[in-house]
Amino acid sequence: MNRQLFPLLSLVPGLALVSGCAKGTKSADEQAKRPNVIYLISDDLGIGDLSCYGATKVHTPHLDSLASQGLRFNNAYATSSISTPSRFGLLTGMYPWRQKNTGIAPGNSELIIDTACVTMADMFRAEGYATGVVGKWHLGLGPKGGTNFNEEIRPNTSDIGFDYEFVIPATVDRVPCVFVENGHVVGLDPSDPITVSYEHKVGDWPTGLENPELVTMKPSQGHNNTIVNGIPRIGWMTGGKSALWNDEEIADVITDKAKQFIINHKDEPFFLYMGTQDVHVPRVAHPRFAGKSGLGPRGDVILQLDWTVGQIMQVLDSLHIADNTLIVFCSDNGPVIDDGYHDQAFELLNGHTPMKEYRGGKYSAFDAGTRVPFIVRWPAAIRPGIQEAPFSMVDVYASFASLLQHPLAEGVAPDSRNQLSTLMGKDSLGCSFVVQQNLNSTLSIIQNEWKYIMPSDKPAIEYWTKMELGNLPQPQLYNIQEDPSEQHNVAEQYPEKVAELDALLREVIAGEKKTFER
Ligand code: NG6
Ligand code: CA
């Protein structure tokens, strides 16, 4: 009997009971075959950033082996070209544009997933999995009105399905620059409480605006509020000195926490959702990686990200649980070169193409905004290969539900379709359409070779990054098979196709379209 495939679940009485209560129908064998699931979501990584996707200027050996031992998707999409909505869509199985407050969350945002929502983590928990979230969160914490970092922060991720939490509340360029573990700021001295504001300066710590001479990383756009560790951030903070993270060590800290979670739960099925801060700005690599890529800090943090993946693989191997662990690796949205700091990302590109041949990037309705690297590895059940089928991250939830044979109640993960066979490489059909949104919530839909972007009166170019947002007052239609770089808007040549896709998108928006098969 293969120990990895039969992780003695039925011998753990508590777990058997929990699973039994939740479902009541599964045999011990069915239970025992369930894989551990690790969902590793990187930040702002492009489909052209990894050597397994064709990059030649940067080498990512650990991710390359993940891909060569697993299924590498060429047509996988996030639901949004920015972080908060993309993660919201993944964890709730609902398009983020159905809820109002899913724009880029500030560091003191309330928890934006309603605690009544049955999240993907809730589902794993109900199925007897140990559940954990480590790293970048960016979906808010605490009650309406914002987070108080000086007391137990509730609601937190334990109220939406996670047994263990160790998170960066928002992004590494947003205050407060502290970790939160199970509702408490790590290392906080109560006599030095934290104050955070996104409206006005608080306290007397220097800011990038007032004391530009104190910064070690100069902003190129925004990022001129409180300076922490020499880096001017978005938002103002004061207090919590003993709790401030060290930017160079973030990858080590969260990788360690993720490894510890895996070790603690090696004998039971676990679900780990890990968000790396890499490769989001400010790009600060540990000295082990700084200067090593030859592409400047952006390349260096790609190496750091690859190391993180290697560390996770190594701990699974050492515990002999890699065979029955399903790992997904992806990015939350497309890449951006200059995202607000002068870090020589453009100057040192050296021919590297994070967007590959795709148009736009982070923030954009064009393909590089949401077309992301996406790799699934599960040696016990998935044959290595390339998956060309279209796939949307909104469908991960229902696909995992199918894997767990977990029936989803009416209204749960309403937009998520069961795409398990595509996820596991058993078919190459994929979903019938992919819907995504850009920074301005302009929606687009892809079906077969066609991509339609709805008309929008929002700006065509993002005012700070100068990235193309893909907004136009006219309808846009691209044949992304013949024209993957979206250079030729053929909406005028194919008015029936425009009408058809517009109607389909409107059905999806209205919730009339049966978007899932279960
Ligand atoms: C933008 C920030 C950018 C990044 C982004 C969120 C400026 C000029 N730009 O507003 O640096 O933080 O928000 O990125 O402030 S995301 O990947 O988390 O969505
Ligand atoms: Ca992001």
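Summary of the structure given here. All values reported here derive from a predicted model rather than from experimental measurement.

What counts as what
Within any chain, residue numbers begin from 1 and follow the written order of that chain's sequence. Both sets of labels track the order of writing: A upward for chains, 1 upward for ligands. Whole-chain, interface and lining totals are the exception, using all residues; otherwise, since this is a predicted model, local features are given only for residues with pLDDT of at least 70 and side-chain atom pairs are given and counted only at 80 or more. As a convention, hydrogens and water are excluded, and side-chain values are obtained from all of the structure's heavy atoms. Remark: exposure states derive from per-residue accessible area (1.4 Å probe, protein chains only) relative to the maximum for the residue type, with buried under 20%, exposed over 50%, and partly exposed in between. Here a helix means four or more residues in a row that DSSP labels H or I, a strand means two or more in a row labelled E, and each is numbered from the N terminus. Strand pairing is assigned whenever DSSP identifies at least 2 bridges connecting the two strands. Note on contacts: a residue pair qualifies if any of its non-hydrogen atoms lie within 4.5 Å across the two residues. To obtain an axis, a line is fitted to C-alpha atoms, over the contacting stretch when the element is a helix, and the angle between two such axes runs from 0 to 180 degrees between their N-to-C directions. Note that water is not among the atoms considered, so a metal site may appear incomplete; the donors listed are N, O and S atoms within 2.8 Å of the metal, with 3.2 Å applied to Na, K and Ca. In short, tetrahedral needs four donors with all angles between 85 and 135 degrees, square planar needs four and octahedral six donors with opposite donors over 155 degrees apart and all other angles between 65 and 115, and whatever is left is irregular.

## Let's talk about the pairing of strand S18 (residues 443-447)
Counting buried residues along S18, five of its five residues qualify, which places the element largely inside the surrounding structure. Here S18 shows a buried face lined by Leu443, Ile445 and Gln447 and a second buried face lined by Ser444 and Ile446. Sheet analysis places strand S17 (residues 434-437) next to S18, joined by four bridges and oriented antiparallel. Bridging across to S18, valine 434 finds its partner in isoleucine 446. Once S17 ends, the chain turns through five residues before running back antiparallel as S18, passing serine 441 with a positive phi of about 60°. Pairing between S18 and strand S19 (residues 450-453): four bridges, direction antiparallel. Paired with isoleucine 445 across the bridge in S19 is tyrosine 452. Here S18 folds back onto S19 in antiparallel fashion, the turn holding two residues, of which asparagine 448 has a positive phi close to 50°.

## Here's the deal with the sheet that holds strand S14 (residues 374-377)
On the basis of which strands lie adjacent, the open sheet formed by ten strands has the order S7-S6-S5-S4-S12-S1-S13-S14-S2-S15 and mixed pairing. Unpaired on one side and paired on the other, strand S7 (184-185) and strand S15 (385-387) mark the two borders of the sheet. For strand S2 (residues 71-73) and S15, the ladder comprises three bridges, and the chain directions are parallel. Counted as the bridge partner of arginine 72 is isoleucine 386 from S15. Helix-sheet contacts for helix H6 (residues 250-264) involve strand S1 (36-42), strand S4 (130-136), strand S5 (164-168), strand S6 (180-181) and strand S12 (270-275), and the interaxial angle to S12 is about 175°. Along the sheet, helix H7 (residues 296-318) contacts S1, S12, strand S13 (325-331) and S14; its crossing angle with S13, the most-contacted strand, is approximately 175°.

## Re the coordination of the calcium ion (ligand 2)
Those protein atoms acting as donors to the calcium ion (ligand 2) are Asp43 (OD), Asp44 (OD), Asp332 (OD), Asp332 (OD) and Asn333 (OD1), and they sit at 2.2 to 2.8 Å. Coordination at the calcium ion (ligand 2) comes from six donor atoms whose angles at the metal span 49 to 176°, giving a geometry best classed as irregular. Sequence positions of the donors to the calcium ion (ligand 2) reduce to the motif D-D-x287-D-N. Each member of the pair aspartate 332 and asparagine 333 is classed as buried.

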